[in-house]
Amino acid sequence: MNRQTAMRWVVALAVAGLLSGIQGPQALAKEPAPPKGKSETKAAPAGAMPATVAIVKKWDGDFPVSALKKLPRGQQKTPAGYIGDRGSFSDIWKSFKPGEKVPAVDFGKNMVVFTRNVKFYNRKAITKVTLLEGIMEVQGVETVTSVPVTNKVGMAMAEVPRQGVKTLRAGDKFIPVK
């Protein structure tokens, strides 16, 4: 049997296997569990779809590594987080967009979520924010480089409504929202 005939048999057997419904090994995604305690969030029903949250305003740019200490406590090393008050936002904004006026945010109704680089410098943008059973998740896009974070990180922020938000998912961590 020549090489071309052997290749045809391999392809034919592979197609026959696919058509016969033979399943390969299944990969199951492991979802991290929300925090336990008095603010515990019930698990969503199987197949429940998250609601898309309206983005009021959004910004992106560079944030100095030296200013990461200005991010809220417990969120200085996470890939995502939130800012819940005017004072913190103003302080963070002055490092994020030096020389630009701090945007008005109604922190009574809204909060500012952010996503940033942790290991490699990449430009970031928030494209969607979702909410399911009190858990908010920030989704976005980023460039892909292998340039390690040194003096700046790419960061994106968005103003979103805080109604119904109990926790913010940041990778495999859950941050309680106050």
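Novice: Residues and numbers for the confidence of the model for the chain, please.
Specialist: Overall, the predicted model of the chain reaches an average pLDDT of 84, with 76% of residues at or above 70. A low-confidence stretch, residues 22-33 (pLDDT under 50), is modelled with 6 contacts involving residues beyond four sequence positions or located in other chains.

Novice: Describe in detail the packing of aromatic side chains, supporting the description with residues and values.
Specialist: Going through the model one piece at a time under the given rule, you end up with 5 aromatic pairs. Aromatic pair Phe 89 and Trp 93: ring centres 5.7 Å apart, planes at 45°, arrangement tilted. Linking Phe 89 with Trp 93, this pair stays in helix H2 (residues 86-96), spanning 4 residues, or about one helical turn. We classify Phe 89 as buried; its relative accessible area is 0%. You can call Trp 93 buried: its relative accessible area is 1%. Relative to Phe 96, the ring of Trp 93 has its centre 5.6 Å away and its plane inclined at 70°; by these criteria the two rings are edge-to-face. Remark: Phe 96 and Trp 93 occur in helix H2; sequence separation between them is 3 residues, near one turn of the helix. The same class applies to Trp 93 and to Phe 96, which are both buried.

Novice: Just give me the short version of the sheet that holds strand S3 (residues 80-83), but keep the residues and values in it.
Specialist: Taken in spatial order, the 4 strands of this open sheet run S2-S7-S4-S3, and their pairing is antiparallel. Each edge of the open sheet carries a strand with a single partner, namely strand S2 (57-64) and S3. Pairwise comparison of adjacent strand axes, ignoring direction, gives a mean angle of 25° for this sheet. Of the strand pairs in this sheet, S3 and strand S4 (residues 110-116) are connected by 4 bridges, and their pairing is antiparallel. Its bridge partner being in S4, Ile 83 is matched across the sheet by Val 112. Relative to S2, H2 is tilted by about 60°, and along the sheet it contacts S2, S3, S4 and strand S7 (152-161).

Rules of the game
- Position numbers for residues count from 1 along each chain, tracking the sequence in the order it is written.
- Residues qualify for local features only when their pLDDT is at least 70, as the model is predicted, and side-chain atom pairs are given and counted only at 80 or more; totals for whole chains, interfaces and linings, by contrast, use all residues.
- Neither water nor hydrogens contribute to the side-chain values; these are computed over all heavy atoms in the structure.
- On a scale of 0 to 100, pLDDT captures the predictor's confidence in every residue.
- We call two residues in contact when some of their heavy atoms are within 4.5 Å.
- When two rings of Phe, Tyr or Trp (its six-membered ring) have centres within 6.5 Å they constitute a pair, described as stacked for plane angles under 30 degrees, edge-to-face for angles over 60, and tilted for the intermediate range.
- Secondary structure elements follow DSSP: runs of H or I of four or more residues count as helices, runs of E of two or more count as strands, with numbering from the N terminus.
- The classification of residues rests on relative accessible area computed with a 1.4 Å probe and restricted to protein chains. Under 20% of the type maximum is buried, over 50% is exposed, and intermediate values are partly exposed.
- If DSSP finds at least two bridges between two strands, the strands pair.
- As a rule, the C-alpha atoms of each element are fitted with a line to give its axis, helices using only the stretch in contact, and angles between N-to-C directions run from 0 to 180 degrees.

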